[in-house]
Number of protein chains: 2
Amino acid sequence: MTNTNIKKLEELIYEINETIANYKNGIVDDHPFDIAKDLQDIREIDFNEYKSICKKIPSELFAQILINMPTYIQEEITSVISEQKVAKVTSNMDSDDASLLIYNISQKDESSAQTVLSKLNIEEQQIIEELNAYEFNEAGAYMQKELFSVNLKENIGDALKRLKEKKDLHLLSNIFHAFLVDDDNSFLGSIGLEELILFERSQKFEEIPADKIEHYSYSDKGDASDIVNMFTNYDLNALAIVDSNNKLLGRVTHNDISTLMQEQDTKQLYSLAGVNDKIEEEESIYKIGKNRAFWLSINLITAILASLVIGIFDTTIQSLVALAVLMPIVASMGGNAGTQTLTVTVRQMALGDIEYDDAKKTIIKEVTISLVNGFLFAVVIGLIAYFWFKIPLLGLVIAISMVINLLSAGFFGAVIPLVLEKFKIDPAIGSTVILTTVTDIVGFFSFLGLATIILL
Amino acid sequence: MTNTNIKKLEELIYEINETIANYKNGIVDDHPFDIAKDLQDIREIDFNEYKSICKKIPSELFAQILINMPTYIQEEITSVISEQKVAKVTSNMDSDDASLLIYNISQKDESSAQTVLSKLNIEEQQIIEELNAYEFNEAGAYMQKELFSVNLKENIGDALKRLKEKKDLHLLSNIFHAFLVDDDNSFLGSIGLEELILFERSQKFEEIPADKIEHYSYSDKGDASDIVNMFTNYDLNALAIVDSNNKLLGRVTHNDISTLMQEQDTKQLYSLAGVNDKIEEEESIYKIGKNRAFWLSINLITAILASLVIGIFDTTIQSLVALAVLMPIVASMGGNAGTQTLTVTVRQMALGDIEYDDAKKTIIKEVTISLVNGFLFAVVIGLIAYFWFKIPLLGLVIAISMVINLLSAGFFGAVIPLVLEKFKIDPAIGSTVILTTVTDIVGFFSFLGLATIILL
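Residues numbered from 1 in each chain as written. Chains lettered and ligands numbered in written order. Predicted model: local features only at pLDDT ≥ 70, side-chain atom pairs only at ≥ 80, totals over all residues. Heavy atoms only, no water.

*Asks:* Got a minute to help me understand helix α9 (residues 122–132) of chain B in this structure?
*Replies:* Because an α-helix completes one turn every 3.6 residues, residues spaced three or four positions apart along the sequence face the same direction. Residue and element names in this part refer to chain B. Those residues of α9 that sit buried are Q125, I128 and L131. Buried residues of α9 fall within an arc of 135 degrees about the axis and therefore sit on the same side. What points out from α9, more than 90 degrees from its buried face, is the exposed set I122, E123 and Q126. Against α6 (83–91), α7 (95–108) and α8 (110–118) lie the buried residues of α9. At the N-terminal boundary of α9, the capping side chain belongs to N121, with an oxygen 3.1 Å from the backbone nitrogen of E123. (Buried < 20%, exposed > 50% of the residue type's maximum accessible area, 1.4 Å probe, protein only. Helix = DSSP H or I, 4+ residues; strand = E, 2+ residues; numbered from the N terminus. Arc of directions from axis to C-beta. Contact = heavy atoms within 4.5 Å. Polar contact = N/O pair within 3.5 Å; in protein donor to acceptor, adjacent residues only side chain to side chain.)

What follows is the structure, given as structure tokens:
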């Protein structure tokens, strides 16, 4: 350990011990997110020290810290603190965080996850199993069961008393609405706290006028990515999740959604660059490198395909070496123009600005832009090639192939994500590789092919 | 107009007239976001029809619709409805939306914006001028002035009566907290409605125990992108914005933040692909194409630089045309590996996962990964080149240059964004072009240079 590390470690340990002592006296001075950051720093410098501190942190505080920790730390948690304590920590979490923790542990050690689960009470076990039965793209996977539901016939004052009890027991937090249900737990609507606070406690919920009640809800089996757009388009704070019979199952809050949104955006960006968002979060450089190597392998195959195309024209190149000098320009411009189109199309599809119905409009727009830019850069590169090599027809060849390649870049940049989406494949994954394969091959083939016909 | 368009237009007009009629009877059946979408569709099919409908929509409803419209539609609004009506619409907006609208109009027609502004009352004018005086990267630019502030000595019941009056007048909505201030409007803390609702109306705010009060606030001159991380890390609903003397100026809500977050993510993704997020939102294909051409021009220059490097080695290529066939592989692999590193670095910097202090750690990680993958792909491509062209030394040459290029890809992929950030330049803008210039030039130079030395 370096000296700076020793000093940093001492400071961090001092701070965290302070926080624990304060917490035991009922004082919360740091946000759990910040404690989690400090704890991660300790873990990186000295794993044993980290382990012994984790053992000291009270379960209720640890629950808040752990939900702010990355997946790989949650995965290994049963090797850091006892399964008994992990169970206690889990009990102190909201159901969505608890089920995610159990899922993460199970990814590394299924039997350990089962042990933790078995130490929870029956109700907690059932809830976690219910939530973890959802697929990742289902809305239900992101809901929490903790919510403030009220019966239409109930007194507002009675409901608030119940809310207070649950809040005092730390069973409920982040409340935005009272969710109205009937005797069968069917969802009837939700009333925001900013409305509810203005009514008398002696009133019943059924006395609240209809225009104060919101009616948004979403099916547990529905597509999770649709909820993100619902929250941003309709400015929601929380959303009731219901089953196919309209029974209230749980809720999703805007905090869950902004986390999900950030994750989706990271995934999209990473997918376009040929990296995996989940694996990049891992600690192991080996795993990260392996995944990147996978995408590089695919790129190698497509690069070799492009080279095979060049190989067809080896005698042409031998008789005019200027072709070898110029050919990467055509391919590079196609790749860039195509990436522009592809990125805009993928993003606007994700934001709901392009639907499959608009496909024709999008393609026409992109082809128009790429065609106009194609002609522009055809003239520029044609003149450059002519003045560089003093061969007029070489300028013509590169100009024509520039138009052809930028046209195909615009066309395929728009069509590839639209087609992938049509087949229910994430349009961000793999589309860049397909696109650059097209623009490389079209670029080299058109340029060298035209050169063979026109120049030789 | 095609037949489908005529039919669609008729349906849309019918629906929107229905909505207007309902609204006048106090019934809101569609979310303004959805009405905005329909209105945009009408605008695209028949601009005159759009204009005449806009004139019919009541100002209060139009305010809600217009805030859901894209920038270019807000910019032109004074040419669609009278400046008098735009002023009325503006009055019905929250201050943040109102100031953005005036700003947008001023971008296209400064005098028209001034006319609208002059038709507002003095207080409204002052607020809009205050908000529009902030820079785009300042937190104050994203706040709204409408908030529920309460005095410490006030009765909870009295404050709620005030809230009800303001809500009934549509002056306040989306309330999450009561912001506590003293007699001088200094910010003391905020109490969430979910806590406030549990206290008796006869109690004073000063009777609320300290542990129910939150203390997050942010300076109006602070960096707007920091607030995004505050909201996601600390799960905030709304945040008080204060001046340098801790006077309460306004608030930012999670809805503002998720919009800002989505915009920032779009900007990041687009910047890496060489497109501008604001311009891509424009209606004009000409403007979009022009901006993309700008980035393509820069790419053309760098592609020519790479070609000049190839040109140095023209006699080498002439004597062994296999070099021309293989050289794009080295460049392409470098570009891809570099893009992987660059994207991950840019994203993790934006999410606050990499600070400038971690620069060394990031660079070491990225160089390690790219070096290992460099050796891996060196062996693979070395063998392929050997079996393809039956020249053992050619395999060696491409293998060495693969290691060199992937190493520089990893190094520059991490260093470029870190250095740009250091100089306060957005690390996403332009970094891809710089990177691929490096990987192209290093790729071609190392491969052809080594070939000249080793093979000839």
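There is more to say after this.
*Asks:* Looking at this model, I keep getting lost on the sheet that holds strand β3 (residues 187–192) of chain A. Mind explaining?
*Replies:* The pairing of strands in a sheet happens through backbone hydrogen bonds and is either parallel or antiparallel. All names here are of chain A. On the basis of which strands lie adjacent, the open sheet formed by 3 strands has the order β1-β2-β3 and mixed pairing. A single partner strand is all that each edge strand has here, and the edge strands are β1 (149–151) and β3. Neighbour-to-neighbour, the strand axes of this sheet turn through a mean angle of 35 degrees, independent of strand direction. Bridge count between strand β2 (residues 177–181) and β3: 5 bridges; the pairing is antiparallel. Looking across to β3, one finds that A178 is bridged to I191. (Pairing = 2+ DSSP bridges. Axes fitted to C-alpha atoms, helices over the stretch in contact; angles between N-to-C directions.)

*Asks:* Help me understand the relation of the copies chain B and chain A in this model?
*Replies:* Each of the two chain copies can be generated from the other by rotation about an axis followed by a shift along it. Superposing chain B onto chain A takes a rotation of 180 degrees plus a shift of 0.0 Å along the axis, which leaves an RMSD of 0.1 Å. When the rotation and shift are considered jointly, the pair of chain copies conforms to a two-fold rotation axis. Both copies contact each other with a shared surface, as 99% of the interface residues of chain B are interface residues in chain A too. (Least-squares fit on C-alpha atoms with pLDDT ≥ 70 in both.)

*Asks:* Help me understand unusual backbone geometry, please; the structure alone is not making it clear to me.
*Replies:* Peptide bonds are, in most cases, trans, and in most cases residues other than glycine have a negative phi. Phi at N174 of chain A is positive, roughly 55 degrees, even though this residue is not glycine. Note on placement: N174 of chain A falls in the loop between α10 (156–168) and β2. Classification of N174 of chain A by relative accessible area gives partly exposed; the value is 21%. Even without being glycine, N246 of chain B reaches a positive phi, approximately 65 degrees. Its place among the elements puts N246 of chain B in the loop between β5 (238–242) and β6 (248–253). Since its relative accessible area comes to 30%, N246 of chain B is described here as partly exposed.

*Asks:* Any chance you could explain the side chain of T19 of chain B here in plain terms?
*Replies:* Residues and elements named next belong to chain B. Within the secondary structure layout, T19 lies in helix α1 (residues 3–24). What makes T19 buried here is its relative accessible area of 6%. Apart from the residues lying within four places of it in its own chain, the contact partners of T19 are D29, D30 and I35.

*Asks:* Teacher, can you tell me more about the environment of L249 of chain B here?
*Replies:* Residues and elements named next belong to chain B. Structurally, the position occupied by L249 is in strand β6. Taking relative accessible area as the criterion, L249 reaches 17% and is therefore assigned buried. Remark: the alpha-carbon pair of L249 and M143, spanning 106 residues in sequence, is separated by 8.4 Å. When sequence neighbours within four positions are dropped, the list of residues in contact with L249 reads Y134, M143, K145, D220, I241, V242 and D243.

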